Amino acid sequence: RGKIAIEVDGPSHFVVGTEEPNAHTALKRWLLQREGYTVLSIPYFDWGPLQGGAVRSAYMEYRLEEAGWNMKTKRLELGGQ
């Protein structure tokens, strides 16, 4: 059964002035992937502008499905990132 790790990434997870993950964050993601996790990053610059619970829920559903999560079966499908 697939595993998914959801990482909520604030400004300290990125190279200053960019949307590029810093070395610590990149290493953490690599280690999680090596252990068989699909890593789903929720960056602050995507999350912050979203207003209201319904919009944020829709965003999370979209991102989870994009990563290969099946909302009906509550399982990670093969081919997830």
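Q: Tell me about the overall build of the chain, residues and numbers included.
A: Secondary structure summary: the chain contains three helices and four strands in total. In the chain, the succession of α and β elements from N to C terminus is β-α-β-α-α-β-β. On the principal axes, the C-alpha backbone points of the chain span a range of 40 × 35 × 15 Å. Taking all 81 residues of the chain together, the buried fraction comes to 28%. Of all intrachain contacts in the chain linking residues separated by at least 6 positions in sequence, the fraction that spans at least 24 positions is 46%.

Q: Pulling in residues and values, what's your account of the side chain of Asn22?
A: Take Asn22: it is sitting in the loop between strand E1 (3-9) and helix H1 (23-34). In this structure the side chain of Asn22 is engaged in a polar contact, spanning 2.9 Å, whose partner is the backbone nitrogen of Thr25. If near-sequence neighbours (up to four positions away) are discounted, Asn22 is found in contact with Ser12, His13, Phe14 and Val15.

Conventions adopted
Residues numbered from 1 in each chain as written. Predicted model: local features only at pLDDT ≥ 70, side-chain atom pairs only at ≥ 80, totals over all residues. Heavy atoms only, no water. Helix = DSSP H or I, 4+ residues; strand = E, 2+ residues; numbered from the N terminus. Buried < 20%, exposed > 50% of the residue type's maximum accessible area, 1.4 Å probe, protein only. Contact = heavy atoms within 4.5 Å. Polar contact = N/O pair within 3.5 Å; in protein donor to acceptor, adjacent residues only side chain to side chain.

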